[in-house]
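In case you want the letters, here they are:
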Amino acid sequence: MGAKVDGWRVDILATDLSNAALDRARAGIYSQLEVQRGLPIQMLIKYFTRVDEIWQIAPELRARIQFQQLNLLDDFSHLGTFDVVFCRNVLIYFDVPTKSEVLDRLARVVAEDGYLVLGGAETVMGLTKGFNVVADQAGLYSPRAAPVRFAAPVQVAVAPR
């Protein structure tokens, strides 16, 4: 987003239930296949270093991320409010009542002008009244209290408050 975020403080909190997944994320190491799936070549060259057959993300980027074990079934309101929450391809593992509970918890931590991003196979429809569908933006939801403001594609940054 370049100049659009100049002066912003961007904090990223990465969570997972699995300590093994968190350790792998902390290492910032990816296979050739992983970096080829949707990562533009310019970003690969700018932010990664090739080490033998793997790619490692730049240390200055890894240093900006906090890693923490988190169970979405527990209360996580102590983490504060977030501008953007990515909860992609997690809800698919839960039954309907659990999905509703998790989405209701997420609705309490997404800022009034923030967003929730879900995976392609996930939705809030019929599960919670805490979010609005953002028109023409697959997988993007705004908190119910906030009006849906745009229909054009958007870019988002992550910053816990």
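This structure is a prediction, so every number in the text was calculated from the model and none was measured.

A. The arrangement of the overall build of the protein chain in detail. For the protein chain, the count of helices and strands is five helices and nine strands. Ordered by position from N to C terminus, the α and β elements of the protein chain give β-α-β-α-α-β-β-α-β-β-α-β-β-β. Within the protein chain, the fraction of its 161 residues that count as buried is 34%. Restricting to contacts in the protein chain with at least 6 residues of sequence separation, those with at least 24 account for 60%. Looking at the protein chain as shown, the accessible area adds up to about 10,100 Å², and 55% of this sits on carbon and sulfur atoms.

B. Geometry of the sheet that holds strand β8 (residues 131–133). Spatially, β6-β7-β9-β8 is the arrangement adopted by the four strands of the open sheet, whose pairing is mixed. The open sheet has two free edges, formed respectively by β6 (82–87) and β8, since each of these has just one partner strand. Each neighbouring strand pair of the sheet contributes to a mean axis angle of 25°, computed without reference to strand direction. Here three bridges tie β8 to strand β9 (residues 140–143), and the two strands are oriented antiparallel to one another. Among the inter-strand pairings, N132 is bridged to a residue of β9, identified as S142. Packing of helix α5 (residues 96–109) onto the sheet brings it into contact with β6, β7 (110–118) and β8, and relative to β7 it is tilted by some 140°.

C. Layout of unusual backbone geometry. Its identity is not glycine, yet N89 carries a phi of approximately 60°, on the positive side. Inspection of the secondary structure puts N89 in the loop between β6 and α5. In the Ramachandran plot, D136 falls in the positive-phi region, its phi being about 60° despite a non-glycine side chain. With respect to the helices, strands and loops of the structure, D136 is situated in the loop between β8 and β9.

D. Structural view of the confidence of the model for the protein chain. Averaged over all residues, the pLDDT of the protein chain equals 88, while 88% of them reach at least 70. Per-element averaging of pLDDT across the protein chain places helix α4 (residues 59–62) at the bottom with 90 and α5 at the top with 96.

Thresholds, definitions, all that
- Residues numbered from 1 in each chain as written.
- Predicted model: local features only at pLDDT ≥ 70, side-chain atom pairs only at ≥ 80, totals over all residues.
- Heavy atoms only, no water.
- Helix = DSSP H or I, 4+ residues; strand = E, 2+ residues; numbered from the N terminus.
- Buried < 20%, exposed > 50% of the residue type's maximum accessible area, 1.4 Å probe, protein only.
- Contact = heavy atoms within 4.5 Å.
- Areas by Shrake-Rupley, 256 points an atom, 1.4 Å probe, with all protein chains shown as cover.
- Pairing = 2+ DSSP bridges.
- Axes fitted to C-alpha atoms, helices over the stretch in contact; angles between N-to-C directions.
- pLDDT = per-residue confidence, 0-100.

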